[in-house]
Amino acid sequence: MKYVHEYRNKELSQKLINKIHHSAKGKYTFMEVCGGHTMAIQKFGIPSLLPPKIKLLSGPGCPVCVTEKSYIDTAIAYARLSNTIIATFGDLMRIPGSTSSLELEKARGSDVTIVLSALEALKIAQNKPDKKIIFLAIGFETTAPGSAVAVVQASKARVKNFFILSAHKLMPPAMKAIVDEGVKIDGYICPGHVSTITGSAIYDDIARKYSLPCVISGFEPLDLLQTILALVHQVNEKHSTVEIQYARAVQPNGNPKAKAIMKQIFCETDSEWRGMGNIPKSKLVLSEKYQQYDAEKMIPVDVEPTISDKGCICGEILKGLKTPLDCKLFGSGCTPENPEGACMVSGEGACQAYYRYQSQTEIT
Amino acid sequence: MKYVHEYRNKELSQKLINKIHHSAKGKYTFMEVCGGHTMAIQKFGIPSLLPPKIKLLSGPGCPVCVTEKSYIDTAIAYARLSNTIIATFGDLMRIPGSTSSLELEKARGSDVTIVLSALEALKIAQNKPDKKIIFLAIGFETTAPGSAVAVVQASKARVKNFFILSAHKLMPPAMKAIVDEGVKIDGYICPGHVSTITGSAIYDDIARKYSLPCVISGFEPLDLLQTILALVHQVNEKHSTVEIQYARAVQPNGNPKAKAIMKQIFCETDSEWRGMGNIPKSKLVLSEKYQQYDAEKMIPVDVEPTISDKGCICGEILKGLKTPLDCKLFGSGCTPENPEGACMVSGEGACQAYYRYQSQTEIT
Amino acid sequence: MCLSIPVRIESIEGSEAVVSINGAAYKAGIHLIDNPQVGDYVLLHAGFAIQKISDHEARETLELIKQMKSPF
Amino acid sequence: MCLSIPVRIESIEGSEAVVSINGAAYKAGIHLIDNPQVGDYVLLHAGFAIQKISDHEARETLELIKQMKSPF
Amino acid sequence: MNDYIRPGHGSGGKLMHELIHDIFFRHFGHHELKKGSDSALLQSNGHRLAFTTDSFVVNPLFFPGGDIGKLAVCGTVNDLAVCGAIPQYLSAGFILEEGFSIAELEKIVISMAREAKNSGVNIVTGDTKVVHKGMADKLFINTSGIGYIPEYAGSFANNRKIKKGDVLIINGTLGDHAIAVLSEREDLPFQSTIKSDCACLNHLIHSLLEKKLHIKFMRDLTRGGLATCLNEIAQAQAIDIEINETRIPVKASVEGICETLGFDPLYLANEGKVVIIVSAEDASEVIETLKADDLGKESTIIGKVTSENGKKVIAESAIGGKRLLQMRTGEQLPRIC
Amino acid sequence: MNDYIRPGHGSGGKLMHELIHDIFFRHFGHHELKKGSDSALLQSNGHRLAFTTDSFVVNPLFFPGGDIGKLAVCGTVNDLAVCGAIPQYLSAGFILEEGFSIAELEKIVISMAREAKNSGVNIVTGDTKVVHKGMADKLFINTSGIGYIPEYAGSFANNRKIKKGDVLIINGTLGDHAIAVLSEREDLPFQSTIKSDCACLNHLIHSLLEKKLHIKFMRDLTRGGLATCLNEIAQAQAIDIEINETRIPVKASVEGICETLGFDPLYLANEGKVVIIVSAEDASEVIETLKADDLGKESTIIGKVTSENGKKVIAESAIGGKRLLQMRTGEQLPRIC
Ligand code: SF4
Ligand code: SF4
Ligand SMILES: [Mg+2]
Ligand SMILES: [Mg+2]
Ligand SMILES: [Mg+2]
Ligand SMILES: [Mg+2]
Ligand SMILES: [Mg+2]
Ligand SMILES: [Mg+2]
Ligand SMILES: [Mg+2]
Ligand SMILES: [Mg+2]
Ligand SMILES: [Mg+2]
Ligand SMILES: [Mg+2]
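Scoring rules and cut-offs
- Sequence order as written defines the numbering, with residues in each chain counted from 1.
- Written order decides the labels, with chains lettered from A and ligands numbered from 1.
- Reporting in this predicted model follows two pLDDT cut-offs: at least 70 for local features of residues, and 80 or more for side-chain atom pairs to be given and counted; totals over whole chains, interfaces and linings ignore these cut-offs and use all residues.
- The side-chain quantities take in all heavy atoms of the structure and omit both hydrogens and water.
- The criterion for an aromatic pair is that two Phe, Tyr or Trp rings (for Trp, the six-membered ring) have centres within 6.5 Å, with stacked assigned to planes under 30 degrees apart, edge-to-face to planes over 60 apart and tilted to the rest.
- Secondary structure elements are taken from DSSP: a helix is a run of H or I of four residues or more, a strand is a run of E of two residues or more, and numbering for both begins at the N terminus.
- Each residue gets one of three labels from its accessible area relative to the maximum for its type: buried under 20%, exposed over 50%, partly exposed in between, using a 1.4 Å probe on protein chains only.
- Only lysine NZ and arginine CZ atoms are considered, and such an atom sits over a ring when it is within 6 Å of the ring centre and within 35 degrees of the ring normal.
- Residue proximity to a molecule or strand is established when one non-hydrogen atom of the residue lies within 4 Å of it.
- Amino acids outside the nonpolar list (Ala, Val, Leu, Ile, Met, Phe, Trp, Tyr, Cys, Pro) and the charged list (Asp, Glu, Lys, Arg) are all regarded as polar, and Gly is one of them.
- Any two cysteine sulfur atoms lying within 2.5 Å of each other are counted as a disulfide.
- We call two residues in contact whenever any of their non-hydrogen atoms come within 4.5 Å of each other.
- Simply put, the buried area is the total loss of 1.4 Å probe accessible area from both parts when two parts are fitted together.
- In what follows, salt bridge is the name for a side-chain nitrogen of Lys or Arg lying within 4 Å of a carboxyl oxygen of Asp or Glu.
- Pairs of N or O atoms within 3.5 Å make up the polar contacts considered here, provided that, within protein, one atom can donate a hydrogen while the other can accept it, and that residues adjacent in sequence are counted only when both atoms are side-chain atoms.
- Strand pairing follows a simple DSSP-based rule, namely that at least 2 bridges must link the two strands.
- Here, axes are lines fitted to C-alpha atoms. For helices the fit covers the stretch in contact, and angles between N-to-C directions go from 0 to 180 degrees.
- UniProt positions are given in the numbering used here, feature names are shortened, and annotations may be inferred rather than shown by experiment.
- Shown as donors are all N, O and S atoms within 2.8 Å of a metal ion, widened to 3.2 Å for Na, K and Ca; because water is not in the atom set, sites may appear incomplete.
- Here the expected span of a helix is defined as 1.5 Å times the quantity of residues minus one.
- Where each domain starts and ends follows an automatic or database-derived domain assignment.

A. The packing of aromatic side chains, seen in detail. Here the structure, examined in full by the defined rule, presents 20 aromatic pairs over all chains. Consider the rings of Phe330(B) and Tyr355(B), whose centres lie 6.0 Å apart with planes at 75°: the pair is edge-to-face. Here the residue Phe330(B) occupies a position in the loop between α13 (314-318) and α14 (350-356), and Tyr355(B) occupies one in helix α14, the gap between them amounting to 25 residues. For Tyr355(B), a relative accessible area of 8% corresponds to the buried category. Pairwise contacts between aromatic rings join Phe24(E), Phe28(E) and Phe94(F) into one cluster. Positioned above the aromatic ring of Phe56(F), the side-chain terminus of Lys129(E) is 5.6 Å from the ring centre.

Following this line, the structure appears as structure tokens:
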């Protein structure tokens with residue numbers, strides 16, 4: 001068993017689809033907050049298989065889409081310094097800052113290199129002691145532990161030229177903010193990989209205080225269909241509890257080792273989210289003790305003033321208030337080749353996902 | 001009048017040739033010590049126009065050919081240092097050192113750049129304050145004043161990253177050494193452009209003590225033919241004085257301003273000459289006061305041990321004891337594309353000059 | 001967010017493991033995993049193993065669906 | 001050695017002069033020349049003017065050859 | 001953001017198509033160029049020719065299953081062959097970086113010579129340029145190719161009418177080339193046994209044409225992968241295409257690496273794959289013929305033409321859901337989310 | 001010292017010839033390639049074709065009198081034309097560096113389109129590759145070209161016998177291209193009004209062929225300059241050539257810059273010059289025909305064939321002295337001595 005194709009079985013999914021069709025009575029709006037879910041939903045054409053009364057909304061689950069523009073502007077400012085190497089996941093390369101992007105800065109001569117892991121960035125620092133390596137630490141709770149490991153390793157090996165620029169965001173505060181904003185949803189498809197680290201307890205508040213069904217889902221079609229079915233059942237039965245559909249990977253207690261190292265290295269702070277405004281305690285930054293690895297603390301740089309997006313409704317899409325089709329720019333002024341907003345840049349940004357995997361109903 | 005084509009007049013040169021044929025009685029061997037003369041002689045096919053009893057020998061007048069191999073090895077060692085730029089006249093690029101050449105080091109990634117003047121090298125230093133610029137100061141008395149100017153300018157502008165690696169050689173000591181070595185010649189075609197700086201007095205010793213006719217010559221065919229005629233006359237009349245054929249450019253006193261700045265910056269020292277051994281007081285190095293611009297004094301470097309040439313008779317050719325045709329490697333083991341010795345590298349090295357402008361007698 | 005796929009641990013050296021991604025080998029950090037063993041399937045994310053996969057739970061999930069009765 | 005050709009000084013600024021090489025312009029150092037004037041022909045070597053050319057001597061040399069009697 | 005060349009302008013997707021249309025087609029304007037087909041089909045003094053060109057800039061130069069030299073021959077041979085031409089003559093233009101090893105150059109040249117011989121073409125004209133250190137990435141090769149259109153391929157080259165119900169066939173697995181090259185690069189630390197599919201397809205294609213099977217269209221997959229290729233076909237031929245994702249052959253390890261990096265195998269580069277459109281009744285004979293060749297062993301039907309008047313490509317997923325398959329938008333970048 | 005590519009391997013001289021013979025001719029081996037002529041003369045299904053390729057890597061991209069685009073069209077058109085072919089179709093392969101300005105690209109493409117139109121060729125197939133920043137020097141272009149051999153040029157293309165006494169004609173001044181490009185480069189601080197001679201010579205050449213003048217051989221001068229070109233001719237045709245240096249047209253400013261840098265104009269690159277060998281009796285009519293065209297205004301006889309059985313090139317100097325003129329050995333470097 002390899003835990004992938006087994007969950008793409010057509011017969012079994014047909015069974016779930018039938019069951020969903022049978023169980024769905026009223027109207028349901030569920031939000032998947034994880035961009036990976038958005039992608040999988042589109043890729044497998046799930047909307048074309050659901051009854052029309054079930055609507056899936058895409059939430060703020062793409063760490064790239066929610067990254068504040070000023071963060072990109074800061075990264076670009078660093079990229080323009082000489083003797084500096086920006087190490088980044090490919091995701092950030094094309095995100096538009098106020099007047100440029102990392103891809104464009106690279107094209108103009110900056111040293112911007114794509115890494116697959118925080119440890120790779122650290123290795124570059126060790127191989128090039130003359131340069132300052134700034135690792136763009138983005139991602140949610142899933143990715144933050146890796147950055148923490150890199151900082152611990154840098155500290156052990158006394159590496160002096162490795163820095164991180166953190167935009168690690170936390171998922172639960174955003175999920176709460178969405179409901180606080182008044183977005184009408186009937187349940188959350190909770191992010192499976194975030195939950196492998198955090199465990200399920202982080203959603204307890206949402207289920208209890210906001211009375212929203214929460215199901216932690218895997219990423220294969222059977223996972224998602226089973227999750228949707230579970231949400232439909234909870235709604236039908238007026239329950240609101242946290243269920244773990246993705247039991248093969250998610251422990252109720254998450255990954256204690258990863259949680260411990262995150263806690264050791266990072267502390268929580270308030271943060272801007274692109275299009276969502278300030279959310280309290282929603283971001284991880286290096287704690288006092290690890291300041292020497294904090295690019296912002298150690299490397300002064302002039303950042304150009306942030307210019308706000310014109311016409312982009314990314315924020316409202318992230319909040320689930322609108323869909324990409326509501327945006328006037330979608331598909332004309334804003335395409336994956338020339339993205340206006342962050343949601344069009346990332347492969348799992350709601351706008352790009354819509355653009356690439358447009359559902360069958362919209363096709364015909 | 002533009003002082004070039006007027007001296008390439010066929011009729012006038014025919015007059016001189018006739019006169020030479022008429023005046024030449026015995027056998028004559030004259031040496032041109034300037035590579036520029038060697039080039040001009042070959043380029044205009046002068047040997048094919050002279051009576052066979054007049055033989056022209058090429059002396060040590062190519063600053064590249066006489067540059068000791070260890071100098072190239074040192075330049076290569078500097079080229080291999082990081083953060084260092086070698087600025088050089090094109091002449092040195094292909095000179096074989098013991099195991100490499102500057103061209104090859106550049107191909108391997110070293111920063112080696114060609115300049116047209118010492119001031120260009122200084123400009124590079126001013127534009128790139130993070131790098132050390134080492135200017136390869138080669139050439140005889142003609143070129144040394146330019147290097148001196150660059151050092152003075154560097155000093156005035158307080159440039160701290162400009163250095164010279166000097167191989168500036170002096171002509172008269174070598175001309176004497178040749179006769180001391182026992183080379184049989186009947187007169188010197190003295191270097192015209194060296195003499196614009198030094199004036200004519202530097203050859204007085206040679207004319208007087210060695211009883212050799214000396215004529216300072218220009219570089220056009222009429223100049224050379226007139227010089228050869230003058231030498232024939234001196235030999236016929238058993239004179240040995242210093243004449244200035246190149247009067248339009250050479251003052252008896254030379255260029256006092258240039259001589260003064262050379263004296264200010266440089267002092268004389270003994271030096272190896274490729275193929276000629278050590279010659280006392282034959283090289284210019286920076287004087288005590290300007291040490292901070294002396295690469296060898298300021299930038300320590302490990303130079304690989306010098307490997308001596310195999311089979312190359314460059315030295316004997318420079319001394320006028322042999323011609324390139326006497327070399328077993330000439331044209332097969334040693335070509336301008338793959339030079340074995342320095343005389344094949346420079347366009348005015350005796351071997352390359354022979355290779356490229358082989359005289360009509362050898363052609364047919 | 002958070003691309004992640006199940007990979008198999010093939011060998012372990014210190015805090016790094018060679019994992020097999022359907023046959024392709026990759027060196028992953030296993031700093032975040034307790035007691036990793038050769039043969040374990042783990043989720044790989046951004047160069048790190050972030051969690052072991054429970055074979056038991058994996059089968060359970062499928063079994064549940066298989067045994068579900070069709071509504072029709 | 002010592003490639004050098006006669007060039008004409010076209011303009012002077014400080015210790016640099018624009019010289020004309022048969023019509024092509026080049027900025028040469030004139031640090032080594034006393035009293036350089038626009039219109040002077042100088043020998044250019046390795047970026048520097050190294051000596052003025054005497055028009056008088058230049059003509060003299062040619063005249064000498066012209067007036068030489070043929071031996072035949 | 002539009003004023004500079006970005007990697008996506010060369011990655012075979014939408015950005016590249018825009019550049020080609022806005023700059024090259026607009027100014028060069030020739031109808032054969034504007035067709036955007038694999039080769040230009042030309043008349044030269046009453047004679048019918050196919051003519052094509054490609055430059056090769058792969059890094060690394062050597063990879064499992066091939067090297068830049070083999071690629072340079074195969075790419076151009078294939079562009080001729082898919083147009084129904086018999087490839088005859090190739091040119092070879094080399095741009096060499098100062099410092100590049102002549103021994104490596106020779107290896108590459110030998111590889112080109114071998115591949116040319118195998119595929120029956122002659123390299124008849126060439127050019128060599130050297131640029132200074134740092135001004136090129138070791139070596140680039142351009143090959144241009146000429147072929148003639150044989151009688152029996154004539155009607156093919158004129159495009160038979162594609163009809164609803166016609167099927168699409170591919171001759172093997174997707175993405176092997178892209179992943180073989182990527183795994184060889186130091187910056188992508190994967191190790192695998194995946195080999196590039198790089199191969200000359202002219203004999204394989206010839207075997208179809210000779211049998212006078214009713215081939216309606218062919219195109220070789222290259223940079224933009226299957227999805228881009230199908231979109232090009234759909235647009236150029238004005239048809240709707242539907243493919244079935246479960247039928248598309250992809251090696252397990254290729255799929256795994258894709259999932260790790262966030263790549264889609266449908267957009268990965270291939271260098272020995274061709275998409276063939278035939279009528280449904282000919283499909284089995286075509287597949288049989290393809291399977292008789294080593295390069296066609298895994299040939300399979302991947303989809304069908306669903307409309308004679310459209311330009312969409314639809315993919316049906318493993319569980320039966322459908323989605324619109326678009327051109328790739330830029331270079332695929334490894335990502336974490 | 002032999003194991004690495006050096007600039008001289010691309011400078012059109014002896015090093016390059018060695019590389020081509022030892023590596024390319026040896027392994028590719030086709031007789032047309034080995035002829036080393038400007039274009040390969042081919043049979044395609046009974047039809048006679050000329051086929052040629054060149055890559056263009058000039059720095060800077062824009063220079064007085066032209067740009068890389070114009071050069072790319074002229075170079076290939078000329079290689080076809082000097083073989084007696086009527087140039088018809090060109091391919092255009094672009095290698096673009098990330099970050100290159102699309103506006104500049106468009107300028108270059110417009111220049112190519114204009115030059116193609118003027119010379120009557122069509123750009124019918126193309127390719128675009130993008131390499132990462134620092135992996136190429138802004139932009140490289142490859143053009144390959146096809147032409148057909150018209151009836152009246154047929155015998156020319158088969159090489160008439162060159163005889164002792166035949167004369168060599170050139171259509172204008174040497175070295176303008178090389179010096180125009182050099183003076184535009186920041187590292188060679190000359191300012192001059194010298195313009196590149198870059199031009200398509202096909203109409204000029206056509207005017208000779210149409211008149212059925214007894215042209216015996218033509219070759220366009222490019223990288224290696226006149227001296228290298230004449231040596232190639234002498235070797236390929238097994239003749240001795242003698243040229244008269246005073247008759248070789250060189251602009252005064254070009255000559256001056258050469259003397260300053262230690263260059264020899266006989267080895268400087270040209271991009272709109274052709275050497276033509278004709279019998280002495282035809283010379284005046286050929287020159288008259290050439291002079292009727294703007295590109296041939298300064299046509300002149302520069303030398304003659306002195307033996308039908310040799311391979312030497314001799315130059316007679318201004319004062320009547322003679323010397324052997326050899327191939328250029330490497331890139332010419334500016335020097336002080
Ligand atoms: S389509 Fe573009 S502009 Fe519109 S909301 Fe999405 S990202 Fe913003
Ligand atoms: S031919 Fe070469 S090896 Fe012989 S003396 Fe001259 S430089 Fe030396
Ligand atoms: Mg193709
Ligand atoms: Mg092509
Ligand atoms: Mg192709
Ligand atoms: Mg060529
Ligand atoms: Mg390189
Ligand atoms: Mg040519
Ligand atoms: Mg060519
Ligand atoms: Mg050419
Ligand atoms: Mg192509
Ligand atoms: Mg560049």
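B. Main features of the site of ligand 1. Around ligand 1, the structure places 13 residues, and the nearest of them are Cys312(A), Cys314(A), Cys327(A), Cys334(A) and Cys351(A). Its residues assigned to classes, the shell around ligand 1 shows eleven nonpolar, one polar and one charged.

C. Quick look at the state of the cysteines. All names here are of chain B. This structure, assessed with the given rule, holds two disulfides over all chains. Disulfide pairing places Cys314 opposite Cys343 at an S-S distance of 2.2 Å. One end of the pair, Cys314, is in helix α13; the other, Cys343, is in the loop between α13 and α14, with 29 residues separating them in the sequence. For the pair formed by Cys314 and Cys343, the shared burial category is buried. In this structure Cys214 is a free cysteine whose sulfur lies 4.0 Å from that of Cys190, the closest cysteine sulfur available.

D. View of the interface of chain F and chain E. Taken together, the contact between chain F and chain E spans 77 residues of the former and 77 residues of the latter. Roughly 6700 Å² is buried in total at the junction of chain F and chain E, and carbon and sulfur atoms are behind 68% of that figure. A salt bridge links Arg26(F) to Glu106(E), with the nearest nitrogen and oxygen atoms 3.0 Å apart. Viewed at the interface, chain E and chain F are joined by 31 residue pairs in polar contact (both at pLDDT 80 or more). Contributions of two or more residues to the side of chain F that touches chain E are made by α1 (14-28), α2 (31-34), β1 (40-44), β2 (47-56), β5 (86-97), α4 (102-119), β6 (122-131) and β7 (139-148) of chain F.

E. Layout of the sheet that holds strand β1 (residues 28-32) of chain B. All names here are of chain B. Spatially, five strands are ordered β2-β1-β7-β8-β9 in an open sheet, and the strand pairing comes out parallel. Looking at the sheet topology across the chains shown, the edges are occupied by β2 (54-58) and β9 (242-244). Taking each pair of neighbouring strands and ignoring which way they run, the sheet shows an average axis angle of 25°. When β1 meets strand β7 (residues 187-190), the two strands line up parallel, connected through three bridges. Looking at the pairing, Met31 lines up with Tyr188 of β7. Of the strands in this sheet, β1, β2 and β7 are in contact with helix α2 (residues 35-43), which crosses β1 at around 120°.

F. Spotlight on the environment of Gly109(A). Residue and element names in this part refer to chain A. With respect to the helices and strands, Gly109 occurs in the loop between α4 (102-107) and β4 (112-114). Of the residues examined, Gly109 reaches a relative accessible area of 47% and is grouped as partly exposed. Spatially, the C-alpha atoms of Gly109 and Ala79 are 9.3 Å apart, while their sequence positions differ by 30 residues.

G. Here's a closer look at the side chain of Asp223(A). All names here are of chain A. Turning to its location among the elements, Asp223 is positioned in helix α10 (residues 221-236). On the accessibility criterion, Asp223 (0% relative accessible area) is buried. There is a polar contact of 2.8 Å between the side chain of Asp223 and the side chain of Arg248. Beyond its immediate sequence surroundings of up to four residues, Asp223 is in contact with Tyr7, Ser217, Gly218, Gln245 and Arg248.

H. Just the site of ligand 2, in detail. Around ligand 2, the structure places 13 residues, and the nearest of them are Cys312(B), Cys314(B), Cys327(B), Cys334(B) and Cys351(B). Its residues assigned to classes, the shell around ligand 2 shows eleven nonpolar, one polar and one charged.

I. Molecular detail of the UniProt feature "domain: PurM-like C-terminal" (unreviewed entry) in chain E. Listed under "domain: PurM-like C-terminal" (unreviewed entry) in the UniProt record, and renumbered for this structure, are residues 163-314 of chain E. Helix and strand shares over residues 163-314 of chain E are 33% and 21% respectively, and the end C-alpha atoms of the span are 17 Å apart.

J. Focus on the coordination of the magnesium ion (ligand 8). All names here are of chain F. Distances from the magnesium ion (ligand 8) to its protein donors, namely Asp38 (OD), Asp79 (OD) and Asp220 (OD), fall within the range 2.1 to 2.2 Å. Written as a sequence motif, the donor residues of the magnesium ion (ligand 8) are D-x40-D-x140-D. Between the magnesium ion (ligand 8) and the magnesium ion (ligand 9), the interatomic distance is 5.7 Å, and Asp79 donates to each metal, bridging them. With Asp38 in the loop between α2 and β1 and Asp220 in strand β10 (residues 215-220), this pair connects stretches of sequence that are 182 residues apart.

K. Quick peek at the interface of chain B and chain D. Contacts between the two partners involve 53 residues from chain B, matched on the other side by 36 residues from chain D. When the two sides are added together, the surface that chain B and chain D hide from each other amounts to roughly 3700 Å², 66% of it contributed by carbon and sulfur. Ranking the residues of chain B by area buried against chain D places Tyr3(B), Lys15(B) and Lys257(B) at the top, with a combined share of 17%. Joining chain B to chain D, the criterion identifies zero salt bridges.

L. Looking closely at helix α8 (residues 225-237) of chain F. All names here are of chain F. The end-to-end C-alpha separation of α8 is 18 Å, in line with the 18 Å expected for 13 residues at 1.5 Å each. Taking burial as the measure, the 13 residues of α8 include ten buried ones, the bulk of the element. What α8 keeps buried is the set Gly225, Leu226, Ala227, Thr228, Cys229, Leu230, Asn231, Glu232, Ile233 and Ala234. Remark: Ala238 follows α8 within two positions and exhibits a positive phi of approximately 55°.

M. Inspection of the pattern of salt bridges at higher detail. Tallying each qualifying case throughout the model produces 67 salt bridges over all chains. The shortest N-O distance in the salt bridge between Glu259(E) and Arg8(A) comes to 3.0 Å. In this pair, Glu259(E) sits in helix α9 (residues 252-261) while Arg8(A) sits in the segment before α1 (10-23), so the two residues belong to two different chains. One exposure class covers both Glu259(E) and Arg8(A), and it is buried.

N. Fine view of the domain arrangement of chain E. All names here are of chain E. For chain E, the domain assignment lists domain 1 (38-153) and domain 2 (166-325). The C-alpha centroid of domain 2 is placed 23 Å from the C-alpha centroid of domain 1. Counting residues at the interface gives 27 residues for domain 1, matched by 24 residues for domain 2. Both faces considered, domain 1 and domain 2 share a buried interface measuring about 2100 Å² in area, 62% of it formed by carbon and sulfur atoms. Taken together, domain 1 and domain 2 are joined by one salt bridge. The partner of Arg219 in a salt bridge is Asp38, and the shortest N-O contact between them spans 3.0 Å. For the interface between domain 1 and domain 2, the tally reads seven residue pairs in polar contact (both at pLDDT 80 or more). For the side of domain 1 that touches domain 2, the secondary structure elements donating two or more residues are β3 (62-63), α3 (68-81), β5 (86-97) and α4 (102-119). The dominant element in the side of domain 1 that touches domain 2, judged by the number of residues it contributes, is α3, at nine residues.

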